[in-house]
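Structural characterization, general
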Number of protein chains: 2
Amino acid sequence: MPEPIRVLHYGLGPIGVRIASLAVTRPNIVAVAAVDIDPAKVGRDLGDLIEHGSPLGVAVHSRLEDALKAGQPDVVVHATGSHLPAVLPQFLECAAAGLPVVSTCEELSYPWFHHPDEARRLDDAAREHGVAVLSTGINPGFIMDTLAVVLSAVCPVVQAARVRRVVDLSVRRMQLQQKVGVNLTVAEFAARKAQGTLGHVGLPESVAMIAAGLGWPLERVEQTLEPVIAAEPLDSALGPIAAGRVQGQHQIARGWAGGEVRITLELKMALQAPDAGDFIELDGPEPVSSAVRGVQGDTATAAIIVNAVPTVLSAAPGLHTMLDLPPVRSLLA
Amino acid sequence: MPEPIRVLHYGLGPIGVRIASLAVTRPNIVAVAAVDIDPAKVGRDLGDLIEHGSPLGVAVHSRLEDALKAGQPDVVVHATGSHLPAVLPQFLECAAAGLPVVSTCEELSYPWFHHPDEARRLDDAAREHGVAVLSTGINPGFIMDTLAVVLSAVCPVVQAARVRRVVDLSVRRMQLQQKVGVNLTVAEFAARKAQGTLGHVGLPESVAMIAAGLGWPLERVEQTLEPVIAAEPLDSALGPIAAGRVQGQHQIARGWAGGEVRITLELKMALQAPDAGDFIELDGPEPVSSAVRGVQGDTATAAIIVNAVPTVLSAAPGLHTMLDLPPVRSLLA
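Definitions and cut-offs
Residues numbered from 1 in each chain as written. Chains lettered and ligands numbered in written order. Predicted model: local features only at pLDDT ≥ 70, side-chain atom pairs only at ≥ 80, totals over all residues. Helix = DSSP H or I, 4+ residues; strand = E, 2+ residues; numbered from the N terminus. Rg over C-alpha atoms; globule rule 2.2 N^0.38 Å. Buried ≥ 20, exposed ≤ 12 C-beta atoms within 10 Å, placed from the backbone. Contact = placed C-beta atoms within 7 Å. Least-squares fit on C-alpha atoms with pLDDT ≥ 70 in both. Nonpolar A, V, L, I, M, F, W, Y, C, P; charged D, E, K, R; others polar. Core = buried A, V, L, I, M, F, W, Y, C linked by C-beta atoms within 7 Å. Domains from an automatic or database assignment. pLDDT = per-residue confidence, 0-100. Pairing = 2+ DSSP bridges. Axes fitted to C-alpha atoms, helices over the stretch in contact; angles between N-to-C directions. Parallel < 35°, antiparallel > 145°, perpendicular 65-115°, else oblique. Left-handed = near helix turned anticlockwise from the far one by under 90°. Right-handed = clockwise from strand over helix to strand, strands pointing away. Expected span 1.5 Å × (residues − 1).

1. Notes on the overall build of chain A
- Each helix and strand in chain A was counted, giving 10 helices and 13 strands.
- Its C-alpha atoms give chain A a radius of gyration of 20 Å, within 12% of the compact-globule value 20 Å for 333 residues.
- A principal-axis box enclosing the C-alpha atoms of chain A has dimensions of 55 × 50 × 40 Å.
- Expressed as a percentage of its 333 residues, the buried residues of chain A come to 52%.
- For chain A, long-range pairs separated by at least 24 residues make up 73% of all intrachain contacts whose partners lie at least 6 apart in sequence.

Structural data, given as structure tokens:
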């Protein structure tokens, strides 16, 4: 067996912990360093933090340079933030340290339409330092974008692409229910929407990735976000939800090319949402559709990030998207 | 717009004609040469052969070297045969001429388990001459193998993979009905099965591709082939089918790894087969499934071959499989 891949875990929030917990089960991966800015985590052992049952001998540091003094990784697994401008310095720091990166950063999954300047800067830095960078995940990164492009392989012509993801929040963690706005009043939902603190990050990136994958000249992307209102009292991880309060959200992103809507992505996340799953429709003279079941966001995000580690290590230097690389796959067990 | 890709169409049977008919509609592709050994086709114009409505100024030649005197292609689109040992000389000839190849050859889609010597010879020749070679298609090539591996990206652990393809032969061409054995007696089916002239080619290749994609050490592959018997009279493209005669076939391939069956591929092709579609199940602690509808073998095979042309042109030299390359996608319209 070859030497295991040495990973630095950068960001140990709920998703980072999930990723580290899965990575530690893989015989081809070993954690050698960890970074998180949370003072409650700094100094703790990674094994303790992920409830591994035993210490891993890897202390959490607040700064990358300190973590690198403790352990020399082959690759950084990064899960700190959704917004590319905010986390770009972290990527640049990794690149400067000669470290390839696999990230969950939603806006980096396809940054070339919405953040072309940041994308170019990071691509330049990655090439200069000879490292590959990839952001992936379930949504964005796979289920509403890459998979639609992959499926198009069988189509002589695709005229329009529609993807619908339905998430039953009743079976998801409390933080996600909170993030989506469960139990808000309709007025509170409207206020938080106006502040920009509600709504899933990444649908416009998925629209842009599909457009790029299918060669469509994307002109603009528009999003809508509406609450799903409880018609009757419901249970939730946040306690009972009264009728008339928010039980979820319904978000739609549309992409225009050639003056018409050619891409429609619909994300519904609500308590007790019926027919949970991921549904792709590629329109054309020979329409093709797919229905995928069982893709639970957190678990699957951890999986695709860990599964992408070998892919990124064998990729050419530069900033990649899932459309540039051979398929990420579950390589073990 | 960049110069269109110049294609040589090698093999103009039913699938080759479908491919050429689709390719001619693509603005980024132009046919410059054609090869087929059928004396009824040699000397005819490709446009005539594919019922394009007007000549394409491309004559069909019986030999590659003659076709290359008439037109200089960037890439060969190859659709002559299913069995790698039989068509290997054609691939070697293309490689020696410095031509990348996209092929429908079923046994080449994943040749490394069943035909490792031929695979190595072709890989060596392709590298020596600096050209990329890929075989793809729907089955094998995509719907029962690549797509299952792609889907595994979201799985923390895959314990077993099952894929079922159900084809309703009632809506497919006569040649396919004939090939499957429609209207044979049960005894005739058994006799032709014993001769090895029945059964779909490629399930073992799909098993081997999944095993390789998921990192499972494949030990052996076994196949079964049974007739589907008409319980009542049926219509077919071959005329009426009496009860008791063959209305289709049911083929199963199983792949063993670690002493147990971890891959099961089931192909049912029958007249009036209910619930046509493609169904993947990846077993594990977090099982994932997909159901794809609308993938009609001939149309979709032509599509994926034409869609793979730009992919192969930008690939590194050598023999590739769909697991080595970025996703093939429908790049136009």
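2. Re unusual backbone geometry
Residue and element names in this part refer to chain A.
- Cis rather than trans, the peptide bond between asparagine 139 and proline 140 has omega equal to 5°.
- For proline 140, the position within the fold is in the loop between β6 (132-135) and α6 (146-151).
- Unusually for a residue other than glycine, aspartate 275 sits at a positive phi of about 55°.
- When you line up the elements, aspartate 275 lands in the loop between β10 (260-270) and β11 (277-283).

3. Focus: the relation of the copies chain B and chain A
- Each copy superposes on the other: chain B lies on chain A with an RMSD of 0.0 Å after a rotation of 180° and an axial shift of 0.0 Å. Here the symmetry operator amounts to a two-fold rotation axis. Using C-alpha coordinates, one finds that chain B approaches the rotation axis most closely at Pro326(B), a distance of 2.1 Å.
- An overlap of 100% is found between the interface residues of chain B and their copies at the interface of chain A, pointing to a shared contact surface.

4. A look at the interface of chain B and chain A
- Of the residues lining the interface, 44 residues belong to chain B; the matching set on chain A comes to 44 residues.
- Of the residues contributing to the side of chain B that touches chain A, the split by class is 29 nonpolar, 11 polar and four charged.

5. Some thoughts on the nonpolar core
- Judged by nonpolar contacts, the single largest core of 218 residues is most densely connected at Val77(A), Val154(A), Val77(B) and Val154(B).
- Contacts of Val154(B), omitting those with residues within four sequence positions, involve Ile138(A), Phe142(A), Val295(A), Ala300(A), Ala303(A), Ile304(A) and Val288(B).

6. Quick look at the domain arrangement of chain A
Residue and element names in this part refer to chain A.
- Domain boundaries in chain A define domain 1 (5-137 + 299-320) and domain 2 (146-294).
- Here the C-alpha centroids of domain 1 and domain 2 sit 26 Å apart.
- Taken residue by residue, the interface counts nine residues in domain 1 and 10 residues in domain 2.
- Tallied by class, residues from the side of domain 1 that touches domain 2 come to four nonpolar, three polar and two charged.

7. What to know about the confidence of the model for chain A
- Of the residues in chain A, 99% reach a pLDDT of 70 or more, and the chain-wide mean stands at 96.
- Here the predicted complex carries an ipTM of 0.97, next to a pTM of 0.97.

8. Observations concerning the sheet that holds β11(A)
- Spatial strand order, β8(A)-β9(A)-β10(A)-β7(A)-β11(A)-β12(A)-β12(B)-β11(B)-β7(B)-β10(B)-β9(B)-β8(B): 12 strands in an open sheet with mixed pairing. One side of each edge strand has no neighbouring strand; the edge strands of this open sheet are β8 (218-229) of chain A together with β8 (218-229) of chain B. Adjacent strand axes in the sheet meet at a mean angle of 10° when their direction is disregarded.
- Strand direction decides the pairing type here: strand β9 (residues 246-257) of chain B and strand β10 (residues 260-270) of chain B, joined by 10 bridges, are antiparallel. Bridging across to β10(B), His250(B) finds its partner in Lys268(B).
- On top of the sheet, helix α8 (residues 186-195) of chain B reaches β8 and β9 of chain B; it is set at about 155° to β8(B), its chief contact.

9. Some details on the packing of helix α1 (residues 14-23) of chain B against helix α10 (residues 297-313) of chain B
Residue and element names in this part refer to chain B.
- Contact geometry of α1 with α10 gives a least axis separation of 9 Å together with a crossing angle of 60°. As the angle between them shows, α1 and α10 are arranged oblique. Pair α1 / α10 crosses with right-handed handedness. Here Ile15, Arg18, Ile19, Leu22 and Ala23 of α1 come into contact with α10, specifically with Asp298, Thr301, Ala302, Ala303, Ile305 and Val306.
- Class assignment of the residues belonging to the contact of α1 with α10 gives a composition of eight nonpolar, one polar and two charged.

10. Overview of the pairing of strand β4 (residues 75-78) of chain A
All names here are of chain A.
- Side chains of β4 alternate between two faces, with Val75 and Val77 and Val76 and His78 buried alike.
- Two elements, strand β1 (residues 5-10) and β4, share four bridges in a ladder whose sense is parallel. Counterpart to leucine 8 in the pairing with β4 is valine 76.
- Judged from the three bridges that link them, β4 and strand β5 (residues 101-103) form a sheet pairing that is parallel. Along β5, the bridge assignment pairs valine 77 with valine 102.
- Each parallel crossover has a hand, and for β4 linked through helix α4 (residues 84-96) to β5 it is right-handed.

11. Comments concerning the packing of α4(A) against helix α5 (residues 116-129) of chain A
Residues and elements named next belong to chain A.
- Remark: α4 packs on α5, axes separated minimally by 9 Å, with the N-to-C direction vectors making an angle of 10°. Between α4 and α5, the interaxial angle falls into the category roughly parallel. Across from Leu84, Pro85, Leu88, Phe91, Leu92, Ala95 and Ala96 in α4, the residues of α5 making contact are Glu118, Leu122, Ala125, Ala126 and His129.
- Split by residue class, the contact of α4 with α5 holds 10 nonpolar, one polar and one charged.

12. Topic: α4(A)
Residues and elements named next belong to chain A.
- In a regular helix each residue adds 1.5 Å, so 13 residues correspond to 18 Å; α4 covers 17 Å between its end C-alpha atoms and thus fits that length.
- By the burial criterion, the buried members of α4 are Leu84, Val87, Leu88, Gln90, Phe91, Cys94 and Ala95.
- One or two positions beyond α4, positive phi appears at glycine 98, with a value near 75°.

13. What to know about the sheet that holds strand β13 (residues 318-320) of chain A
- The seven strands lie next to each other as β3-β2-β1-β4-β5-β6-β13 (chain A), forming an open sheet whose pairing is parallel. Every interior strand has two partners, whereas the edge strands, β3 (60-61) and β13 of chain A, have only one.

14. Observations concerning the environment of Gly239(B)
- Looking at the secondary structure, you find Gly239(B) in the loop between β8 and β9.
- In this structure, the C-alpha to C-alpha distance between Gly239(B) and Asn183(B), residues 56 residues apart in sequence, is 8.6 Å.

15. Examining the environment of Val133(B)
All names here are of chain B.
- Looking at the element boundaries, valine 133 is found in strand β6 (residues 132-135).
- In this structure the C-alpha to C-alpha distance between valine 133 and proline 2, which are 131 residues apart in sequence, comes to 23 Å.
- Apart from residues no more than four positions distant in its own chain, valine 133 is found in contact with Phe91, Pro100, Val101, Leu122, Ala126, Leu319 and His320.

16. Structural notes on helix α1 (residues 14-23) of chain A
Residues and elements named next belong to chain A.
- The element α1 is extensively covered by neighbouring structure, given that seven of its 10 residues are classed as buried.
- Of all the positions in α1, only Gly16, Val17, Arg18, Ile19, Ala20, Leu22 and Ala23 are classed as buried.
- Where α1 is buried, its residues touch β1, β2 (29-35), α2 (46-49), β4 and α10 (297-313).

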